[in-house]
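An overview of the molecular structure
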Amino acid sequence: MTAGKPSPLAGTLAVQPAAAEAVADTHASVLAAIGWAVARDFRVALRSKGELGVQLLFYVIVVSLFPLATSPSRETLATLGPGVLWTSALLASLLSLPRLFASDYHDGTLEQIALSSRPLAALVSGKMAAHWLTSGLPVALMAPLLGAQYALEGPVLATLAVSLLLGTPILSLLGAVGAALTLGARGGGTLLALLVLPLYAPVLIFGAGAVDAVRAGVSAAPHLSLLGAGLLVALVGVPFAVAAAVRIALD
Amino acid sequence: MLINWFRFASPISFYPIAGSWSYAFGALAALFAGAGLVIALWIAPTDATQGDAYRIIFIHVPTAWMAMFIYLVMAGWSALALGFNTRLSAMMAQALAPTGALMAALALWTGAFWGRPTWGTYWAWDARMTSTLILLFLYLGVIALRAALEDPRRADRACAVLALVGAVNVPIIYFSVQWWNTLHQGSSISLTAAPKMAMTMLAGILVMTAAAWSYTIAVVLARVQAIIVERERGAGWLESLIQFPAGGSA
Amino acid sequence: MAAQNAIDARRLAAQRGHARLFDGIDFSLPAGEALVVSGPNGSGKTTLLRIVAGLTAPADGELRWRDEPMRPFDTRLRDAVAFNGHMAALKDELTAEENLDAWIALDGPRASRESLAAALDAVALRTQRRLPVRVLSQGQRRRVGLARLALVRRPLWILDEPLTALDADGANMLGALLDGHLAQGGLCVAASHQALPIAPQRVRRLELGAPA
């Protein structure tokens, strides 16, 4: 031990032995937690742009492959279009889910997040928000462009975009539960798909249903309101389930 | 009569109880099934429109109901497991899943065989069948997650969370599938358009449902015994109950 | 009498699958002292540390902090703990500075740029602080963890093999940090194969046995 020599760290030591400083007002803490997670995850995601590009490319490829398997007649395509665009969005969402927690789990940062003074439900909400911004949102914006390939018209494409904007966050939320539960489990991605796809079914029904309704000349309001209501309920409830699942995974 | 329920919360106390009740319910199941089959095959009259093919509903309807009930019971035990952190509650949930999956699969299979002679198709995308299919997937998901996680305690809690998330979703799934189905009236074949229920038919279905309940309880209790043995095998108390073969690893 | 910062562990036990890692572990740790946990590989050192940190529940027994029983993820325990685990807990894509910034911001107010720079400077990472952590060596990554300990304000430090990959200079930095922390009344629970470079009168020892 270098006795007598002043430690180079002595000046920066800021150790507070008394009881932990009071945590700020709950609202501020929740918002700060969400902000922290969104900023960090977004920054990490932008530094791995290749990964993000691949997911969007996957969506484009899958959507473009379907007409090759059926007839390219306008009638067939227009009938298939909403279903194909929505189902492919589901699959693209599945593909991007492991990214949500796996990296943090393997490098130890998930433990730090779970041990934070801030509410875990808020921290994971931030992570899910950043995840949606880099996976669901690009798909929702890309879909109308691809919808043109399927002989779908303006109002239909607009409904497609809106339904995806409402639905993809729900996919991110529900998928996060599966991603957290399967952390470090054998069978990884395929197990995740088995767990999460049945939960996705209602979102698919109402999302694709909205587009079909507009195509048939009927209002999509009921579908979209149900999607919206589902999104609100999921936003309020799912983060707590995800937080519980993360703690279980770290046990 | 106050029963200290928590006394039974330990696998140790529950093991012998599970054994005797399993046999009792097994016998009950045999009785009910016997009576039910007599009603189904002999007493219930031939239907005017569907002939004798309709008789499969005596298996189809009970199994479809059980698939749903068992999921709710499994979710209940899961909630107990998460809330009170008791091992036995989690073991009960673990024991229920395979039987629930079996019931769902049977419901789908018998539904297909009912559809074929009656409407000419094995699978009609009606609301109940599609919901049952998704329910089967939910069961398989819980079973697969249990198999994929090595630590039994972590698997207990993870499967409990999954079962509860699924339980919240089951009504939503059912509602959404029903909505979707009513929109596509052209192809809808309503399997709820069962033949007008003569009293005997209803009685038959109820008896078969009782048989399905008894069978489920008997089988689940037997399975939970196996789970207890498998998971508690380090503990010394098992030796007093079971004769392990000489030289075998305890 | 106001509760002091202190840990009390009673009859702690841990289980991995069917195997019992340890049983009946008792210890007390008052403010200003460090507990060094040692034992052969597989004896459960990391598990014990994770129990004290509140990451996992013990199979049996009770953990007390400031004389109150603690369940896993208890808020009061989370407020008190700084856990430097087995892994460096750094995002490969971010720089050392960004990682440290995020780490400190996770628990409370952000540290100023000057204090971040000073902390990284003190652990000899001045020139590397703007590089993605991916290109740093193991030893350099562990030193980011040391910088974190210097900046964080937590009474209970839990360190899993803190000397791993550290060279002599790094070990001295750790020693200085620990000495200062304990002198100000902090506590530390550490798992370590090697002796920690701190004043021996502040150290208590706990030896975990080999698995049966």
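Note that this is a predicted model, so its numbers are computed, not measured. (Residues numbered from 1 in each chain as written. Chains lettered and ligands numbered in written order. Predicted model: local features only at pLDDT ≥ 70, side-chain atom pairs only at ≥ 80, totals over all residues.)

Here the focus is the overall build of chain A. Along its length, chain A carries 10 helices and zero strands. Ordered by position from N to C terminus, the α and β elements of chain A give α-α-α-α-α-α-α-α-α-α. When each of the 251 residues of chain A is scored for burial, the buried share is 52%. Taking all contacts inside chain A whose residues are at least 6 apart in sequence as the whole, residues at least 24 apart take part in 80%. (Helix = DSSP H or I, 4+ residues; strand = E, 2+ residues; numbered from the N terminus. Buried ≥ 20, exposed ≤ 12 C-beta atoms within 10 Å, placed from the backbone. Contact = placed C-beta atoms within 7 Å.)

This part is about the overall build of chain C. Within chain C one finds six helices and nine strands. Judged by the C-alpha coordinates and their principal axes, chain C covers about 50 × 40 × 30 Å. Counting across all 212 residues of chain C, residues that qualify as buried make up 49%. Taking the intrachain contacts of chain C between residues at least 6 apart in sequence as the baseline, contacts between residues at least 24 apart amount to 69%.

Attention now goes to the interface of chain C and chain A. In many analyses, interface size is given as the accessible surface area lost on bringing the parts together. Taken together, the 45 residues of chain C in the interface contact 34 residues of chain A. For the side of chain C that touches chain A, the elements supplying multiple residues, two or more each, are α2 (75-80), β6 (81-84), α3 (96-107), α4 (113-122), α5 (138-151) and α6 (168-183) of chain C. Here the side of chain C that touches chain A is composed, by residue class, of 26 nonpolar, 12 polar and seven charged. (Nonpolar A, V, L, I, M, F, W, Y, C, P; charged D, E, K, R; others polar.)

A few words now on the sheet that holds strand β1 (residues 7-16) of chain C. Where strands meet in a sheet, backbone hydrogen bonds hold them as pairs that are either parallel or antiparallel. Here four strands make up an open sheet; going across it, the order is β2-β1-β4-β5 (chain C) and the pairing antiparallel. Of all the strands in the sheet, the pair left with one neighbour each is β2 (19-29) and β5 (68-69) of chain C. (Pairing = 2+ DSSP bridges.)

Let us look at the interface of chain B and chain A. Taken residue by residue, the interface counts 21 residues in chain B and 21 residues in chain A. Of all the secondary-structure elements, those providing two or more residues to the side of chain B that touches chain A are α4 (127-148) and α5 (152-183) of chain B. Across the side of chain B that touches chain A, the residue classes tally to 16 nonpolar, three polar and two charged.

All names here are of chain C. Note: β1 against β2, seven bridges, orientation antiparallel. Across the sheet, the residue bridging to Arg16 is Ala19, located in β2. Connecting β1 to the antiparallel partner β2 that follows it, the hairpin turn spans two residues, and Gly17 within it adopts a positive phi of roughly 65 degrees.

Residue and element names in this part refer to chain A. Across the interface, helix α7 (residues 136-147) lies against helix α8 (residues 154-181) with an axial gap of 9 Å and an inter-helix angle of 155 degrees. Taken as axis vectors, α7 and α8 run roughly antiparallel relative to one another. Where α7 crosses over α8, the two elements pack in a sense that is right-handed. Counting all contacts with α7, which are made through Gly136, Val139, Ala140, Ala143, Pro144 and Gly147, the residues of α8 involved are Leu157, Leu160, Ala161, Leu164, Leu165, Thr168, Pro169, Leu171 and Ser172. Of the residues belonging to the contact of α7 with α8, the class tally is 11 nonpolar, four polar and no charged. (Axes fitted to C-alpha atoms, helices over the stretch in contact; angles between N-to-C directions. Parallel < 35°, antiparallel > 145°, perpendicular 65-115°, else oblique. Left-handed = near helix turned anticlockwise from the far one by under 90°.)

Residues and elements named next belong to chain C. Here we have five strands laid out as an open sheet, ordered β6-β7-β8-β3-β9, and parallel in their pairing. Looking at the sheet topology across the chains shown, the edges are occupied by β6 and β9 (203-207). On average, each strand axis in the sheet is tilted by 15 degrees relative to the strand beside it, whichever way the strands run. Of the strand pairs in this sheet, strand β3 (residues 34-38) and β9 are connected by five bridges, and their pairing is parallel. From the neighbouring strand, Val37 faces β9, where its bridge partner is Leu206.

Quick look at unusual backbone geometry now. Residues and elements named next belong to chain C. One non-glycine residue, Ala89, adopts positive backbone phi at about 55 degrees. In this structure, Ala89 sits in the loop between β6 and α3. Note on Ala89: 22 C-beta atoms within 10 Å, which makes it buried.

This part takes up the environment of Phe58 of chain B. All names here are of chain B. Along the chain, the position of Phe58 falls in helix α2 (residues 57-84). Phe58 sits 146 residues away from Gly204 along the chain, and the two C-alpha atoms are 6.7 Å apart. Excluding its chain neighbours within four sequence positions, the residues that come into contact with Phe58 are Gly36, Ala40, Gly204, Ile205 and Met208.

A separate point is the nonpolar core. Ala180, Ala245 and Val246 of chain A together with Leu145 of chain B are the most contacted members of the largest nonpolar core, which has 226 residues in total. By residue number, the principal contributor to this core is helix α9 (residues 188-215) of chain A, which donates 17 residues. Setting aside residues no more than four positions away along its own chain, Leu145 of chain B makes contact with Leu181, Leu191 and Leu195 of chain A together with Ala158, Cys159 and Leu162 of chain B. (Core = buried A, V, L, I, M, F, W, Y, C linked by C-beta atoms within 7 Å.)

Looking now at the pairing of strand β4 (residues 60-65) of chain C. Residue and element names in this part refer to chain C. Pairing between β1 and β4: five bridges, direction antiparallel. Bridged to Ala9 within β4 is Leu63. Sheet analysis places β4 next to β5, joined by two bridges and oriented antiparallel. Bridge assignment links Arg64 to a residue of β5, and that residue is Pro69. Counted along the chain from β4 to the antiparallel partner β5, the turn is two residues long, and its residue Arg66 has a positive phi close to 50 degrees.

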